[in-house]
Structure formats: C-alpha cells, structure tokens
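Residue strings, one per chain:
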Amino acid sequence: MRKIVLAALIIICAVTVIVSFFLPWATASLNVTKVARSLSESASTTLKETPFAGKFVRGLDTATTAIGAFGDMEVKTAVSGYDIPTMINKRSSKIALSLAQTLFKDADNLDKKSLLVYLLPLFGIVCIVLTIIGLKNNIPVIAMAVISGAISGGGLYKLMTTDLTKLPIQIAIKNGLWQTMYGYLLICVLSIIWLATDRKK
C-alpha cells in the first residue's frame, strides 16, 4: 500500500511537469504610454534640426495623449517551454532568448541547446514508466531519484542565482517553469522516501 501511495504521488508530479511544459514559463510587459513618450522625446532631440521635426513630434505627442486616455496600458507577452526552441530558431522572441540564456550557461549554439527543453516533459514520461516498473524493483526508483534530483537541483540553482536584470529584456519567471522544477524536486524527495522506507522493511 505504501508503494502504491508513493507511486501515485510521483505520477501526479510527473503529470504536473508535463502539463507545465505548455504553461507560461516567462513573461515580459511593455508599458505602451512610456514607450510612446520615449519615442516622442527621442524624436524631438534627434530630429530638431530637420524641417519636418515639429510635425512628426506633434504627431507622436497626439498619439501618446490618445494612448494615455485609455489608461496606463501594458502589452504582455509570454512564452511556454514548448515555444522556446521554435522562437529561438526563428529569432522571433527576445523573451525566449533571455529565458534560454538563464537556463543555459553558455550562449553558444543556443538554437541547438534550446531543443534540450523538450527533454523535460520526456523525462516526466520516463518517471511515470520508472515508477510503474519500480513497484517490483528498486533500481528504476534509484534512476528516477538521480534524474529528478539533477534536473531540479540544476534548474532551481540557475533560476535562483541568475541576475535577471542583466538579461537583454526584463522577464518574470512564471508558474509553468517553477512547477516543472518543483515537480522534479518532489519526485526526487518521494523517490528517496520510497528507497529509505523500503530498506527498513
């Protein structure tokens, strides 16, 4: 009965890891009003000597006022684990690039390294298989503890030690990525409990 309960908890954690792969991992927000004002100030400084500067700046000021009338608008964008490799290969998202730079120490060959994120849900499936096999043999449980421990340990260390302010764009790490890492951490802890209680038997 004890093994069944532990196995069920591990499978729930593994399913959470798989589902979290499709949830937002990181978001960035852009204040529209601030960007418009910044463009207006930049244009008035850069184009002040040109004949159409006044008209251009007035147009920007009008646009800024119109935007401001709707309130402090923000454009928010998010990427999931599933999005990262595609966006990096297409160079279509600075958020994906910033997040990948957080996850991988070396930025070289980032397009190829980003494909490694697909291993996270794959290892979640592997953990489910190892759990089922582990009901009869503890060796798969040992393998599961090592895999989940390495992923959660390395991932959480990088997330907690990386200075996000130094990235190309300011991002916020979202629940999808945290749930992935803590899911693997729980799998590791449950695997250790499994092995420890089985030895006492």
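Owing to the predicted nature of the structure, the values given are computational and were not obtained by experimental measurement.

With that out of the way, let us pick up the overall build of the chain. Of the regular secondary structure elements, the chain holds nine helices and three strands. When the elements of the chain are put in sequence order from the N terminus, they spell out α-β-α-α-β-α-α-α-α-α-β-α. Of all 201 residues assigned to the chain, the portion counted as buried reaches 36%. Within the chain, residue pairs in contact and separated by at least 24 positions form 77% of the contacts whose partners lie at least 6 positions apart. Total accessible area computed for the chain in this model is approximately 11,800 Å², and 66% of it derives from carbon and sulfur atoms.

Moving on to the packing of aromatic side chains. Within the structure shown, the criterion is met by six aromatic pairs. Seen in terms of ring centroids, W178 and Y182 are 6.1 Å apart; in terms of plane orientation they differ by 25°. Their pairing is stacked. Of the two residues, W178 and Y182 both sit in helix α9 (residues 175-200), four residues apart, roughly one turn of that helix. Among the aromatic side chains, those forming a connected cluster through ring pairs are F21, F22, W25, Y82 and Y118.

What follows covers the layout of surface pockets. Estimates place the volume of the largest pocket at around 290 Å³. Around the largest pocket, the lining comprises 13 residues; the ones closest to its centre are L103, F104, L120, I151 and M181. Element by element, the count of residues in the lining of the largest pocket is highest for helix α8 (residues 139-161), at five residues. In terms of residue class, the lining of the largest pocket is made up of ten nonpolar, two polar and one charged.

Let us look at the pattern of salt bridges. Scanning the model with the defined rule gives two salt bridges in all. We note a salt bridge from R2 to D198, for which the minimum N-O separation is 3.4 Å. Taken together, the residues span a long stretch of sequence, with R2 in helix α1 (residues 2-20) and D198 in helix α9 at a distance of 196 residues. Relative accessible area serves as the criterion here: at 18%, D198 is assigned to the buried category. Within this structure, R2, K3 and D198 form a network of salt bridges that share partners.

Cut-offs and rules
- Residues numbered from 1 in each chain as written.
- Predicted model: local features only at pLDDT ≥ 70, side-chain atom pairs only at ≥ 80, totals over all residues.
- Heavy atoms only, no water.
- Helix = DSSP H or I, 4+ residues; strand = E, 2+ residues; numbered from the N terminus.
- Buried < 20%, exposed > 50% of the residue type's maximum accessible area, 1.4 Å probe, protein only.
- Contact = heavy atoms within 4.5 Å.
- Areas by Shrake-Rupley, 256 points an atom, 1.4 Å probe, with all protein chains shown as cover.
- Phe/Tyr/Trp six-rings, centres within 6.5 Å; stacked < 30°, edge-to-face > 60°.
- 1 Å grid on protein atoms, 1.4 Å probe; cavity = no way out; pocket = protein on both sides within 12 Å on 5 of 7 lines; lining within 4 Å.
- Points joined across faces, edges and corners; volume = space filled by probe spheres on them.
- Nonpolar A, V, L, I, M, F, W, Y, C, P; charged D, E, K, R; others polar.
- Salt bridge = Lys/Arg side-chain N within 4 Å of Asp/Glu carboxyl O.

Scope: geometric values only; no functional claims are made or implied.
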